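Summary of structural features
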Amino acid sequence: MSDDERAPAPRPPGTFRVGSIAGSDVLVSSSWFLVAGLIAIIMAPQVEAVSPGLGALKYVAGLAFAVVLYLSVLVHEASHALMARRYGFPVSSITLHFLGGMTAIEGEARKPREEFMIAVVGPLTSLAVGAVAVGLWFVTPGGLLQMAVEALAGANLLVGILNLVPGLPLDGGRVLKSVVWGITGSPHRGTMVAGWGGRVTAIAVLAWPVVQKQVTGNSPDLIDFVLVFIVAMFLWSGSTAAMASARLRRKLPSLIARDLARRTLAVPDDLPLAEAVRRAQEAEAGSIVTVTGNGRPVGVVNEAALLATPEDRRPWVAVSTVARTLDDGLSLPATITGEDLILAISRTPAAEYVLVEEDGQIYGVLSTADVDRAFRGSPR
């Protein structure tokens, strides 16, 4: 199935779609409206100073600045999406939220160069847009229009520079990861180094109010402390999550579907459930697949549904009543392993999957619970 034909992923709660870029949904979080309102209030006095007498319209102008800021973030995230697609990675969505934006790229970079290019293109795009806006500022008439260009320049230069800070989850952290990966040959080590970079950055952000007056001449107020805390928590939690994910990904190569499969019994879909269970026990099979008359698999028995069916009813119901139809995604190649296995399961969540050989023969049934135990290192 091509990227364009893939069913759209469900939108996260609290977001709505405003359009698409290169086939990727552009989503806006409800938290954006809070930020937009705050920006409008903060910018209103400056608008009033530049263009007196606007009255309530100064807040509308402030809201326009918020839109300009987030359009800059959108351009930044779109560059990530386009570069990721160039390397063959599907991009499901671009989300604008309270702290900026996020591009949902499916899969992990296969080479340090891919990681580097996908990460660095965002800050470079922001810096380029900021540089163009700086040039336009010199030829733009004074007033609100020049103020808007100034805001465009400042927003993009700020986004570009801050995102180059070498710590996850910032783009600079992914750049650092790619460099360490390229030197050591280990993406895991690259992530751990960049993750610690993110933690150090979070601590540095918390220390900003202490030196703010010496650097800017302005004493920190309550809003400064709140913003610093939010940004620091974002950086710390993001870097910590990336490090935890890296530790788990080290286990991916050991996830081999063929090794985790349960012995399977194929039965006609109209066979009484009690008889199907008896045959499975006799064959010491851990799962049951229903097939048509010509042997084509059509369903896999759901273990939970089977256990929920009283034994006195099992002789009177067909095994197909507790089987889940093998829709797209529930039949996987027996050779699937590692990250491909995890992605396949995440795209189509289910309790069991049928593993099929290249010639169409059923190899076995893969239980999500068995994959989870193997991933966590627990015995089956």
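The structure presented is a predicted model; accordingly, all values stated were derived computationally and were not measured.

Quick notes on the rules
- Residues numbered from 1 in each chain as written.
- Predicted model: local features only at pLDDT ≥ 70, side-chain atom pairs only at ≥ 80, totals over all residues.
- Heavy atoms only, no water.
- Pairing = 2+ DSSP bridges.
- Helix = DSSP H or I, 4+ residues; strand = E, 2+ residues; numbered from the N terminus.
- Axes fitted to C-alpha atoms, helices over the stretch in contact; angles between N-to-C directions.
- Contact = heavy atoms within 4.5 Å.
- Core = buried A, V, L, I, M, F, W, Y, C linked by side-chain atoms within 4.5 Å.
- Buried < 20%, exposed > 50% of the residue type's maximum accessible area, 1.4 Å probe, protein only.
- Expected span 1.5 Å × (residues − 1).
- Bend = angle between axes of the 7 residues up to and from the residue.
- Parallel < 35°, antiparallel > 145°, perpendicular 65-115°, else oblique.
- Left-handed = near helix turned anticlockwise from the far one by under 90°.
- Patch = residues over 30% accessible without salt bridge, like charges linked within 9 Å, V, L, I, M, F, W, Y side chains within 5 Å.
- Areas by Shrake-Rupley, 256 points an atom, 1.4 Å probe, with all protein chains shown as cover.
- Salt bridge = Lys/Arg side-chain N within 4 Å of Asp/Glu carboxyl O.
- Right-handed = clockwise from strand over helix to strand, strands pointing away.
- pLDDT = per-residue confidence, 0-100.
- Phe/Tyr/Trp six-rings, centres within 6.5 Å; stacked < 30°, edge-to-face > 60°.

**Notes on the sheet that holds strand S5 (residues 264–268)**
- The mixed open sheet is built from 4 strands, whose spatial order is S5-S6-S7-S8. Each of the sheet's edge strands pairs with one partner strand only, and the pair in question is S5 and strand S8 (323–325). Here the average twist between neighbouring strands, direction ignored, is 35°.
- Here 5 bridges tie S5 to strand S6 (residues 287–291), and the two strands are oriented parallel to one another. By the bridge assignment for S6, Thr264 is matched with Ser287.
- Its contacts with the sheet put helix H10 (residues 273–282) on S5 and S6, and the angle it makes with S5 is roughly 150°.

**Quick notes on the nonpolar core**
- Ile39, Tyr70, Leu96 and Ile118 are the most contacted members of the largest nonpolar core, which has 26 residues in total.
- The set of elements that each furnish at least two residues to this core consists of strand S2 (24–29), helix H1 (31–50), helix H2 (57–86), strand S3 (91–97) and helix H3 (112–137).
- Top contributing element to this core by residue count: H2, with 10 residues.
- Ranked by size, the runner-up nonpolar core spans 25 residues in total, among them Leu252, Ala344, Leu355 and Leu366.

**Some words on H1**
- Between its first and last C-alpha, H1 extends 29 Å over 20 residues, near the 28 Å set by a 1.5 Å rise per residue.
- The largest bend along H1 reaches roughly 40° and is located at Ala44, with the proline Pro45 sitting one to four residues downstream.
- Along H1, the positions that sit buried rather than exposed are Trp32, Val35, Ala36, Ile39, Ala40, Met43, Ala44 and Val47.

**Observations regarding the packing of H3 against helix H5 (residues 171–184)**
- Two elements in contact, H3 and H5, have axes whose closest approach is 8 Å; the angle formed by their N-to-C orientations is 155°. Between H3 and H5, the angle falls in the class roughly antiparallel. The crossing of H3 and H5 is left-handed. Contacts between H3 and H5 involve Pro112, Glu115, Phe116, Ile118, Ala119, Val120 and Pro123 from the first element and Asp171, Arg174, Val175, Lys177, Ser178, Trp181 and Gly182 from the second.

**Let's talk about the pairing of strand S7 (residues 297–301)**
- Across the 5 residues that make up S7, a large majority, 5, are buried.
- Pairing of S6 with S7, which is carried by 3 bridges, proceeds in the antiparallel orientation. Among the inter-strand pairings, Thr290 is bridged to a residue of S7, identified as Gly299.
- Between S6 and S7, which pair antiparallel and follow one another directly, the connecting turn spans 5 residues, one of which, Gly295, has a positive phi of 90°.
- Relative to S8, S7 runs antiparallel, the two sharing 3 bridges. From the neighbouring strand, Val301 faces S8, where its bridge partner is Ala323.

**Describing a nonpolar patch on the surface**
- A contiguous nonpolar surface patch, about 590 Å² in accessible area, is contributed by Val132, Val134, Leu136, Trp137, Phe138 and Val139.
- Mapped onto the fold, Trp137 is located in helix H3.

**Quick word on the pairing of S6**
- For S6, a buried count of 5 out of 5 residues is recorded, marking the element as mostly surrounded by other parts of the structure.
- A two-sided burial pattern is seen for S6, the buried positions comprising Ser287, Val289 and Val291 on one face and Ile288 and Thr290 on the other.
- Regarding the hand of the β-α-β motif, the stretch spanning S5, H10 and S6 is right-handed.

**As for the confidence of the model for the protein chain**
- Chain-level pLDDT for the protein chain is 86 on average; 96% of the residues reach the 70-or-more range.
- Looking across the protein chain, the model is least confident in helix H12 (residues 338–347), with a mean pLDDT of 80, and most confident in H5, with 96.

**Focus: unusual backbone geometry**
- Between Leu168 and Pro169 the backbone carries a cis peptide bond, its omega angle lying at 10°.
- Within the fold, Pro169 resides in the loop between helix H4 (144–162) and H5.
- Although it is not a glycine, Glu284 sits at a positive phi angle of roughly 55°.
- Position of Glu284 relative to the elements: it lies in the loop between H10 and S6.
- The class for Glu284 is exposed, based on a relative accessible area of 63%.

**A closer look at the packing of aromatic side chains**
- All told, the structure shown has 4 aromatic pairs when counted by the stated rule.
- Taking the centre distance of 5.8 Å and the plane angle of 20° together, the rings of Phe16 and Phe33 count as stacked. Remark: Phe33 occurs in helix H1 and Phe16 occurs in strand S1 (residues 15–21); sequence separation between them is 17 residues.
- Residue class for Phe16 comes out partly exposed when judged on its relative accessible area of 34%.
- Overall, the relative accessible area of 47% leaves Phe33 in the partly exposed class.
- Taken together, the ring pairs in this structure connect Phe16, Trp32, Phe33 and Tyr70 into an aromatic cluster.

**Here's the deal with the sheet that holds strand S10 (residues 352–356)**
- Ordered by their spatial adjacency, 3 strands build an open sheet running S9-S10-S11, and the pairing between neighbours is mixed. Here the strands that pair on one side only, and so sit at the sheet edges, are strand S9 (331–333) and strand S11 (362–367). On average, adjacent strands in this sheet sit at an angle of 35° to one another, irrespective of strand direction.
- Two strands pair when backbone bridges link them, and S10 and S11 are joined in this way by 5 bridges, in the antiparallel orientation.

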